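# Examination of the molecular architecture
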Amino acid sequence: MKPTVAAFPATRLRRLRRTPAIRALVQENTLTPADFIWPVFVREGEGIEEPIPSMPGVVRRSVDLIGQAAREAHALGIPAICLFPYTDPALKTEDCAEAWNPDNLSNRATRAIKEAVPDIAVMTDVALDPYNINGHDGFVEDGVIVNDRTVEALVKQALSQAEAGVDIIGPSDMMDGRIGALRSALEGAGHQDVLLLSYAAKYASGFYGPFRDAVGASGALKGDKSTYQMNPANTDEALRLIERDLQEGADMIMVKPGMPYLDICRRAKEVFAAPTFAYQVSGEYAMLQAAAQNGWLDGEKVMLESLMAFKRAGCDGILTYFAPAAAEILGG
Ligand code: PBG
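Everything in this summary refers to the structure shown in the same document. The shown structure was predicted, so the numbers you read here are calculated from the model rather than taken from an experiment. (Residues numbered from 1 in each chain as written. Predicted model: local features only at pLDDT ≥ 70, side-chain atom pairs only at ≥ 80, totals over all residues. Heavy atoms only, no water.)

### Section: the packing of aromatic side chains
Heads up, the rule is: Only Phe, Tyr and Trp rings take part, Trp by its six-membered ring, and two of them pair if their centres are within 6.5 Å. Stacked means planes under 30 degrees apart, edge-to-face means over 60, and tilted covers everything else. Each helix is a run of DSSP H or I of at least 4 residues and each strand a run of E of at least 2, with the numbering of both proceeding from the N terminus. Note on classification: 1.4 Å probe, protein chains only; a residue is buried when its accessible area is under 20% of the maximum for its type, exposed when over 50%, partly exposed between these limits.
A full pass over the atoms with the stated rule returns 10 aromatic pairs. Aromatic side chains F41 and Y321 sit 5.9 Å apart centroid to centroid with 10° between the ring planes, which places their arrangement in the stacked category. Separated by 280 residues along the polypeptide, F41 in strand β1 (residues 36-43) and Y321 in the loop between β12 (317-320) and α11 (323-331) bring together distant segments of the chain. You'll find F41 and Y321 in the same group, each marked buried. Where Y279 meets Y321, the ring centres are 6.0 Å apart and the plane angle is 45°; that geometry is what we call tilted. On the criterion of sequence distance, the pair formed by Y279 in strand β11 (residues 276-280) and Y321 in the loop between β12 and α11 is long-range, its members being 42 residues apart.

Below you can see the structure in the form of C-alpha cells.
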C-alpha cells in the first residue's frame, strides 16, 4: 500500500518532528540490549585480557575471565554470547582434530559461561578455520577446499559443542549440505533443541581482516575464500542459500557482513519472514572505532545509528562487538 500524503500545507511533515515527545511517539523502530549477540574471543592462560590492535576496545580473554564477562553481559540485558577461540598455533593441523576436542577452548568457555550464568545463551562457530593449518574453513586437498569431507568434520565439531552445552550453533563455513547434516546429527544424538543459526548469506568480504587477526588466522590463510563464500555482487544467490538452509533445518539465518549488505537483510526478511540476523563484522567495527578515535566521527552516535540501521532493514538481532557499550547506553 502506498502512503497518502496530502498537499502542503495540509501536510507539514515537520509537525511530527517538532519536539522529543512527538518524535518518540512516531518512532518506527527501536534498539534494545535484547537485540544483541556479543562475539567474544577466548584464549589460553589465566587472568589475561589481551587487546587486539586492529579492534580497539576488544580483547581476547582467558577462559577463567569468561564467566565474569558473561555476568556483565547478562546484567546489561544482552541475551547471547558468541564464542571465538584463539587457538594455540601448535594445535593447528591439517586434520583440524582440535575442532572436536571436548576440552578445546571453545568447549571449556561454553561450560564456564553455563556455570556462571545459566540463563545467557551461548552460541558457537562451526567452521574449521581456527584449527586449520591452512586457515580455511574447510579441508584443503591439492589446493581445493573440499566440501563433503569438511561437512563430516563439521558434524563432529558441532556435536562436541552441543555436548558442552551450547544453545545456538552458528555454521559459518559455507559448505553445501552442512545444515541438513548438522540437523540430523543433532536429532540423532538427542540434541533436538539446539538451535542452528546459519551463516546463510556470507560474502567473501574484505571486512573480516581484523577478525582473522583476532583468531590468529591471518598469517595461515593461503589464497582467499571465494570458492565457498559469496560474490559481493550477488543478491538472488543469497535468497537461494537462505531458502535452502531453512529447508534443511536452520532455525535462524544470518547475513554477513552487515552494513554493506542491508539490502540483503531487507530482502531476506521480506521473502522468508524467518528470524533474521546480521553480523556487524570486525572491519565495520574497526572503521567506526578508528574514525571515532581520530575525532572524525562521534563514536557513540555512529555506533547507535549503525545498529539501528539493522533494525530498520528488518533484522531481529545483530552480532556486534559494540554489544556491551551499546547496551550500557540503551539500558541506562
Ligand atoms: C570464520 C569466521 C569469520 C568470521 C566469523 N567466522 C571470518 C572468515 O570467514 O574469514 C568473521 C567475523 C568478523 O569479521 O567479525 N569461519
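There's plenty left to go through after this.
### Focus: the pairing of β1
To be explicit about the condition: Any two strands are treated as partners once DSSP identifies two or more bridges connecting them.
With 8 of its 8 residues buried, β1 lies for the most part within the structure. Of the two faces of β1, the one lined by F36, W38, V40 and V42 and the one lined by I37, P39, F41 and R43 are each fully buried. Bridge count for β1 against β12 is 2 bridges, and the pairing is parallel. When the bridges of β12 are listed, F36 appears paired with I318. In this structure, β1 lies alongside strand β4 (residues 80-85), joined through 6 bridges in parallel fashion. Opposite F41, over in β4, you have F84 as the bridge partner. The pairing of β1 with strand β3 (residues 59-62) spans 3 bridges and is classified as parallel.

### Things to note about the layout of surface pockets
Put simply, the rule is: Throughout, the protein atoms alone are placed on a 1 Å grid, and a set of points is a cavity if a 1.4 Å probe fits but cannot get out or a pocket if it is open with protein on both sides within 12 Å along at least five of seven lines; lining residues have an atom within 4 Å of a point. Grid points are joined across faces, edges and corners, and a volume is the space filled by probe spheres set on the points. The classification used treats Ala, Val, Leu, Ile, Met, Phe, Trp, Tyr, Cys and Pro as nonpolar, Asp, Glu, Lys and Arg as charged, and all other residues, Gly among them, as polar.
If you add up the space inside the largest pocket, you get close to 280 Å³. In terms of lining residues, the largest pocket is bounded by 19 residues, among which W38, G57, Y321, P324 and A325 are the most central. Secondary-structure elements contributing two or more residues to the lining of the largest pocket are β1, β3, α2 (66-75), α9 (282-293), α10 (299-312) and α11. When the residues that make up the lining of the largest pocket are grouped by side-chain class, the tally is 13 nonpolar, 3 polar and 3 charged. Estimated volume of the second largest pocket: approximately 220 Å³. Along its surface, the second largest pocket is lined by 14 residues, and M174, D176, T227, Y228 and Q229 are the ones closest to its centre. Of all elements in the fold, only β7 (144-145) and α7 (236-248) reach the threshold of two or more residues within the lining of the second largest pocket. Residue classes in the lining of the second largest pocket are distributed as 7 nonpolar, 5 polar and 2 charged.

### Notes on the site of the ligand
How we decide: Summary of the distance rule: residues count as near a molecule or strand when at least one heavy atom falls within 4 Å of that molecule or strand. Whenever a nitrogen or oxygen atom comes within 3.5 Å of another N or O atom, the pair is scored as a polar contact, on the condition that within protein one atom can donate a hydrogen and the other can accept it, and that pairs from neighbouring residues in sequence are kept only if both atoms are in side chains. Throughout, a molecule is located in a cavity or pocket provided that more than half of its atoms lie within 2 Å of its grid points.
Around the ligand, a shell composed of 18 residues is seen, among which R212, K225, K256, S282 and Y321 lie nearest. Note that an oxygen atom of the ligand is positioned 2.7 Å from one of the side-chain N or O atoms of K202. Among the cavities detected, the one that contains the ligand is the largest cavity. Residues that form the shell around the ligand fall into these classes: 8 nonpolar, 3 polar and 7 charged.

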